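Here is how the chains run, residue by residue.
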Amino acid sequence: MLKMVMSRPEKHRMYLKQLFYEIENLGVNSVGIVVIISIFIGGIMTIQFAYALMNPLYPSYLIGLATRDTLLLEFSSTMLALIMAGKIGSNITSEIGSMRVTEQIDSLEIMGINSASYLIMPKIIAVVFIFPFLYIISVFFGILGGLVTGPLTGTITLPEYVDGIKTIFVPYYATFSIIKSLVFGFLVASVPAYFGYYVQGGALDVGKASTQAVVNTNILILFFDLILTRLLLT
Amino acid sequence: MIEIKNVCKSFDGNEVLKNVSIVFEKGKTNLIIGRSGSGKTVMLKCILGLFDIDSGEIWYDDRNFTAIGQKERKKMRQEIGMVFQGGALFDSISVEGNVRFPLDMFTRMSFKEKQQRVEFCLSHVNIDKKAYKLSPSEISGGMKKRVAIARAIALNPRYLFCDEPNSGLDPETSTVIDQLLIDLTKEFEMTTIINTHDMNSVIEIGETIFFLNKGEKEWVGTNREVLNSNNPHLNDFIFANKLYALMRRDNNPV
């Protein structure tokens, strides 16, 4: 399927138009949920780290540091990709799957349009393009969530939290996670597109394909997370 | 003209088309009729190249569709218009966007020229200007079919295919669609192939009728001859409708 997807577009301008539409539909429309999840998770992590590091032997800035590094290394890349596999992935499978069962894909083919390329390529490019931005947004709002929740709940003071955020910052963590988010972006778009494109039957089958797509994407994300962590971080 | 020669197609050993040879004439409405599962849709999809045939040949005028490469096939498809059973309109774009889509994809027309062509096609199928900006989900089944016809003729095709164009429509709307198909076929001199089991369509527009039974072409004739055939399978198919059975019994002309 990837060979069909990556073949030369019939008309570049139409594909570009489709790409901008997908960036808005799949990317920009996901910013809200990313912000909400990240703020809450950032806040919850801060409280939990404060609880786990209650021992007076541990310096309190460790709470901010742990929150920051967890967001940088795992949550904003992997966990967010798992969540986005549910939101974006199911959207892609159901959209393409519905087009398949209502003969819209056949209609494109009869017109002489490479349907796989026209429908899937802009989605893959859009998601791969938007994922690093979502990662950055998630890290920012996750840290902000901790910054607000920590002092508000009295688990940590604002200067201690800020101190923790600034301590022992490793820029490579961000580079590593951006590489991961590019790979996850590809998985989140391509796996559900595959399930949607080859669905057969009716509405019920589209629903089943959507579930299968999300489950398989999640497994692949975790599998690639393991491989990339082993390759790039050790 | 479209000619299919000795076409065979099977799925997992189940023979769906058995050595079928048919000539579909230009400027005529060619109807393929038959029971559900007789191989009508498979034949249509074979002619369109959506299914590869096991053996035989498919000719579009002087071009052997089965022998040409994918690139040429793709180019040839721009000469084909197709109306699907459910319309198959693109949900994410408006009525006029659907008709403009093939023009955007395959022509170098200016926006104004494309808009003129869109209006020409939509007015030909009697779609009111108020409906141009609506999405396909906001229009009725009959309108969807008419928009699908407008989209199918947007690139001025030489060949028009319709799969069950009247399914799910009331008799009055069905007659409108039938009339539209025959008018467009004459006006644009197209080779039109219609897959149907709607008996009203058979009588109204069946200039040439091909009856398929269990994957074989059993009968060829016109709408004038179809009620008086001696083929038992065709008679079973047609006179399953009590109205036609009564008409035959009373020897009423159609």
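Residues numbered from 1 in each chain as written. Chains lettered and ligands numbered in written order. Predicted model: local features only at pLDDT ≥ 70, side-chain atom pairs only at ≥ 80, totals over all residues. Heavy atoms only, no water.

Undergrad: Whenever I open this one, the environment of Lys74 of chain B confuses me. Can you help?
TA: Mapped onto the elements of the fold, Lys74 of chain B is located in helix α2 (residues 70–76). With relative accessibility at 29%, the residue Lys74 of chain B sits in the partly exposed group. Along the sequence, Lys74 of chain B and Gly49 of chain B sit 25 residues apart, while their C-alpha atoms lie 9.9 Å from each other. When sequence neighbours within four positions are dropped, the list of residues in contact with Lys74 of chain B reads Glu10, Gly112 and Asn114 of chain A. (Helix = DSSP H or I, 4+ residues; strand = E, 2+ residues; numbered from the N terminus. Buried < 20%, exposed > 50% of the residue type's maximum accessible area, 1.4 Å probe, protein only. Contact = heavy atoms within 4.5 Å.)

Undergrad: Can you help me understand the interface of chain A and chain B in this one?
TA: A common way to express how large an interface is: the accessible area buried when the components associate. Counting residues at the interface gives 21 residues for chain A and 24 residues for chain B. A salt bridge links Lys45 of chain B to Asp106 of chain A; its shortest N-O distance comes to 3.8 Å. Joining chain A to chain B, the criterion identifies five residue pairs in polar contact (both at pLDDT 80 or more). Within the residue set of the side of chain A that touches chain B, elements represented by two or more residues are α2 (12–27) and α5 (104–110) of chain A. The leading source of residues in the side of chain A that touches chain B is α5 of chain A, at six residues. Within the side of chain A that touches chain B, the residues separate by chemical class into nine nonpolar, five polar and seven charged. (Salt bridge = Lys/Arg side-chain N within 4 Å of Asp/Glu carboxyl O. Polar contact = N/O pair within 3.5 Å; in protein donor to acceptor, adjacent residues only side chain to side chain. Nonpolar A, V, L, I, M, F, W, Y, C, P; charged D, E, K, R; others polar.)

Undergrad: So what exactly am I meant to see when it comes to the sheet that holds strand β6 (residues 80–83) of chain B here?
TA: Sheets are built from strands paired through backbone hydrogen bonds, the pairs being either parallel or antiparallel. Residue and element names in this part refer to chain B. One open sheet accounts for six strands, arranged β6-β7-β8-β3-β9-β10; its pairing is mixed. Whereas interior strands pair on both sides, the edge strands pair on one side only; in this sheet they are β6 and β10 (216–221). Sheet twist, expressed as the average angle between the axes of neighbouring strands with direction ignored, equals 20 degrees. For β6 and strand β7 (residues 159–163), the ladder comprises four bridges, and the chain directions are parallel. Its bridge partner lying in β7, Met82 is registered against Phe161. Packing against the sheet, helix α5 (residues 141–153) makes contact with β6 and β7, and its axis sits at approximately 170 degrees to β6. Sitting on the sheet, helix α6 (residues 171–188) touches β3 (29–33), β7 and β8 (191–195), and the angle it makes with β3 is about 135 degrees. (Pairing = 2+ DSSP bridges. Axes fitted to C-alpha atoms, helices over the stretch in contact; angles between N-to-C directions.)

Undergrad: Could you clarify how one ought to interpret the side chain of Ser117 of chain A in this entry?
TA: All names here are of chain A. Following the sequence through the fold, Ser117 ends up in helix α6 (residues 115–153). For Ser117, a relative accessible area of 0% gives the class buried. Leaving out residues up to four positions away in the same chain, Ser117 has contacts with Met4, Val5, Ser7, Tyr15 and Pro122.

Undergrad: Would you take a moment to explain the pattern of salt bridges for this structure?
TA: Opposite charge on two side chains lets them pair, provided their charged atoms get close. On inspection of all chains with the given rule, the structure shows 17 salt bridges over all chains. Note that Glu22 of chain A and Lys123 of chain A form a salt bridge whose closest N and O atoms lie 2.7 Å from each other. Here Glu22 of chain A is found in helix α2, whereas its partner Lys123 of chain A is found in helix α6, with 101 residues between them in sequence. With a relative accessible area of 1%, Lys123 of chain A lands in the buried category. A salt bridge links Asp52 of chain B to Arg73 of chain B, with the nearest nitrogen and oxygen atoms 3.9 Å apart. Residue Asp52 of chain B is found in the loop between α1 (40–48) and β4 (55–60), and its partner Arg73 of chain B is found in helix α2; the two are separated by 21 residues along the sequence. You can call Asp52 of chain B exposed: its relative accessible area is 54%. We classify Arg73 of chain B as buried; its relative accessible area is 9%.

Undergrad: Before we go on, may I ask you to explain the packing of aromatic side chains in this structure?
TA: For any pair of aromatic rings, the description consists of the separation of the ring centres together with the inter-plane angle of the planes. What the rule picks out here adds up to 15 aromatic pairs over all chains. When the centroid spacing of 5.3 Å and the interplanar angle of 75 degrees are considered together, the rings of Phe11 of chain B and Phe51 of chain B count as edge-to-face. Here Phe11 of chain B is found in strand β1 (residues 2–11), whereas its partner Phe51 of chain B is found in the loop between α1 and β4, with 40 residues between them in sequence. Overall, the relative accessible area of 30% leaves Phe11 of chain B in the partly exposed class. An aromatic cluster of at least three residues, connected via ring pairs, comprises Tyr15 and Tyr118 of chain A together with Phe90 and Phe101 of chain B. One Lys or Arg, Arg100 of chain A, reaches over the ring of Tyr197 of chain A and ends 4.7 Å from the middle of that ring. Positioned over the ring face of Phe90 of chain B is Arg151 of chain B, at 4.7 Å from the centre of the ring. (Phe/Tyr/Trp six-rings, centres within 6.5 Å; stacked < 30°, edge-to-face > 60°. Lys NZ or Arg CZ within 6 Å of the ring centre and 35° of its normal.)

Undergrad: Help me understand the pairing of β8 of chain B in this model?
TA: Along any regular strand the residues' side chains alternate between the sheet's two faces. Residues and elements named next belong to chain B. Within β8, five of the five residues are buried, leaving the element largely enclosed by the surrounding structure. Burial of the side chains of β8 extends over both faces: Thr191, Ile193 and Asn195 are buried on one face and Thr192 and Ile194 on the other. By the bridge criterion, four bridges tie β3 to β8 in an arrangement that is parallel. Of the residues in β8, the one forming a bridge with Thr29 is Thr192. Summarising the sheet, β7 and β8 pair through five bridges and their orientation is parallel. Looking at the pairing, Asp163 lines up with Asn195 of β8.

Undergrad: Where do I start with the layout of surface pockets in this structure?
TA: Sizing a probe to match a water molecule and rolling it over the atoms shows the empty space that remains. Roughly 1,200 Å³ of volume is contained in the largest pocket. Along its surface, the largest pocket is lined by 33 residues, and Glu109, Ile113 and Asn114 of chain A together with Gln70 and Arg77 of chain B are the ones closest to its centre. Elements supplying a minimum of two residues to the lining of the largest pocket: α4 (61–101) and α5 of chain A together with α2 and α3 (95–106) of chain B. The residue makeup of the lining of the largest pocket, split by class, is 12 nonpolar, eight polar and 13 charged. Lining the second largest pocket are 19 residues, with Gln18, Tyr21 and Tyr118 of chain A together with Ser92 and Ile93 of chain B sitting closest to its centre. Along the lines of polarity and charge, the residues of the lining of the second largest pocket split into nine nonpolar, five polar and five charged. (1 Å grid on protein atoms, 1.4 Å probe; cavity = no way out; pocket = protein on both sides within 12 Å on 5 of 7 lines; lining within 4 Å. Points joined across faces, edges and corners; volume = space filled by probe spheres on them.)

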